[in-house]
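# Reading the structure
Okay, here's what each chain looks like letter by letter:
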Amino acid sequence: MEVARVENAVKIYKVGETETRALRGIDLQIEKGEFSALVGPSGSGKTTLLQLLGCLDQPTEGKVFINGEDVTRMNRNQRADLRKNNLGFIFQFFALIPTLTAWENIELPLLLKETPIAERREKVNHLLKAVDLVDHANHHPDQMSGGQQQRVAIARALATNPSMVLADEPTANLDTDNGQQVMEIMANLNKETGVTFVFATHDPRV
C-alpha cells in the first residue's frame, strides 16, 4: 500500500534574480511500513524533498500525494490538517518545547487533536515505556541528554498514530552510542507498529 508518491518534483528557490534549483524532476514512491533513508551530501536536496513529503512546502512543478491525496491541490489549512492527522516529525535539533516536561511534549499533539484525557494518559504512558523514559516523564528538556531529548521527540512523533514519520538528520547531534540507540528504537517501533519511517541523512550509521 502506497503512503506517499512524488511525481516529477522540481523546486526552485529565488533570491532576487538568483535561482537555485534544489530538486530537478524527482520521482519517488514510499510503501506502507518502509524504513528508508534519503542519502546524500549536504546541499543535495534531501531536506527539501522531506519538506515536500511533510507538506511543509510546495513544489515549483510536479505533484506530491500523501495517502492517495494530491497535496499540491490543497490550501494551507488543508495541508495543516493532513500533517496533524497523518504525519509525524523528528528534527535534528529535537524541537522540544523547553517549558514542557517530557510527558507534556509527548501529550501536545494529542491535545491538538482533542483526544480524551484517559486516552492521552494511556498513550503517553505507552510511548514513554517504548522509548525507555518512564523515569524522565517529569523532566524538562534542559534536564535531559541529547539522546533522551531525541527519544522524547520520537515518542511525540508517534503520539497520533501517523501513517508516516519524517526524520531530518535525526542522529546528527548525537554521539555514536546515542545515535545507535535512537536508530534501534526507531527500527523496533517500525517493526512493532508498522509506521513508515523516512530519513534524510548523510550519516553512514543511518
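Refer to the structure above for everything that follows.
All of these numbers come straight from a predicted model, not from anything done at the bench.

What follows concerns the packing of aromatic side chains. Centre distance and the angle of the planes are the two values used to describe a pair of aromatic rings. In total, this model carries four aromatic pairs according to the counting rule given. Arranged with centres 6.1 Å apart and planes meeting at 5°, the rings of Phe-89 and Phe-91 form a pair that is stacked. Judged by relative accessible area, Phe-89 falls into the buried class, the value being 17%. Counting every residue linked through ring pairs, the aromatic cluster contains Phe-35, Phe-197 and Phe-199. When the ring centre of Phe-65 is taken as reference, the NZ or CZ atom of Arg-5 above it lies at 4.2 Å.

Turning next to the environment of Ala-137. Looking at where Ala-137 falls in the secondary structure, it is placed in the loop between α4 (117-130) and α5 (146-158). Classification of Ala-137 by relative accessible area gives buried; the value is 11%. Spatially, the C-alpha atoms of Ala-137 and Ile-106 are 9.5 Å apart, while their sequence positions differ by 31 residues. Those residues within four positions of Ala-137 in sequence are excluded, and the remaining contacts are Thr-101, Ala-102, Trp-103 and Leu-128.

Where helix α3 (residues 102-112) contacts α4, the two axes come as close as 10 Å, and the packing angle between them is 135°. Considered as vectors, α3 and α4 are oriented oblique to each other. Once α3 is placed against α4, the crossing between them reads as right-handed. For the pair α3 and α4, contact is made by Trp-103, Ile-106, Glu-107, Leu-110 and Leu-111 and by Arg-120, Arg-121, Lys-123, Val-124, Asn-125, Leu-127 and Leu-128, respectively. Looking at the contact of α3 with α4, its residues break down into seven nonpolar, one polar and four charged.

Moving on, we come to the pattern of salt bridges. Pairing is possible between side chains that carry opposite charge, provided their charged atoms lie close to one another. A full pass over the atoms with the stated rule returns six salt bridges. With its nearest N and O atoms 2.5 Å apart, the salt bridge here joins Glu-2 to Arg-5. Notably, a salt bridge pairs Arg-5 with Glu-7, separated by 2.8 Å at the nearest N-O pair. Classification of Arg-5 as partly exposed rests on a relative accessible area of 22%.

Let us now look at the pairing of strand β1 (residues 2-15). Of the pairings in the sheet, the one linking β1 to strand β2 (residues 18-31) comprises eleven bridges and is antiparallel in character. Looking across to β2, one finds that Tyr-13 is bridged to Thr-20. Taking the residues that link successive antiparallel strands as the turn, the β1-β2 hairpin has two residues, and the phi of Gly-16 there is positive, at about 65°. With five bridges joining them, β1 and strand β4 (residues 61-66) adopt antiparallel strand pairing. Across the sheet, the residue bridging to Val-10 is Glu-61, located in β4.

Turning our eyes to something else, we now look at the sheet that holds β2. Spatial strand order, β2-β1-β4-β5: four strands in an open sheet with antiparallel pairing. Edge positions in the open sheet fall to β2 and β5 (69-70), since each of these has one partner strand only. Its contacts with the sheet put helix α1 (residues 46-53) on β1, β2 and β4, and the angle it makes with β2 is roughly 60°.

What counts as what
- Residues numbered from 1 in each chain as written.
- Predicted model: local features only at pLDDT ≥ 70, side-chain atom pairs only at ≥ 80, totals over all residues.
- Heavy atoms only, no water.
- Phe/Tyr/Trp six-rings, centres within 6.5 Å; stacked < 30°, edge-to-face > 60°.
- Buried < 20%, exposed > 50% of the residue type's maximum accessible area, 1.4 Å probe, protein only.
- Lys NZ or Arg CZ within 6 Å of the ring centre and 35° of its normal.
- Helix = DSSP H or I, 4+ residues; strand = E, 2+ residues; numbered from the N terminus.
- Contact = heavy atoms within 4.5 Å.
- Axes fitted to C-alpha atoms, helices over the stretch in contact; angles between N-to-C directions.
- Parallel < 35°, antiparallel > 145°, perpendicular 65-115°, else oblique.
- Left-handed = near helix turned anticlockwise from the far one by under 90°.
- Nonpolar A, V, L, I, M, F, W, Y, C, P; charged D, E, K, R; others polar.
- Salt bridge = Lys/Arg side-chain N within 4 Å of Asp/Glu carboxyl O.
- Pairing = 2+ DSSP bridges.

The values are spatial; any link to function lies outside them.
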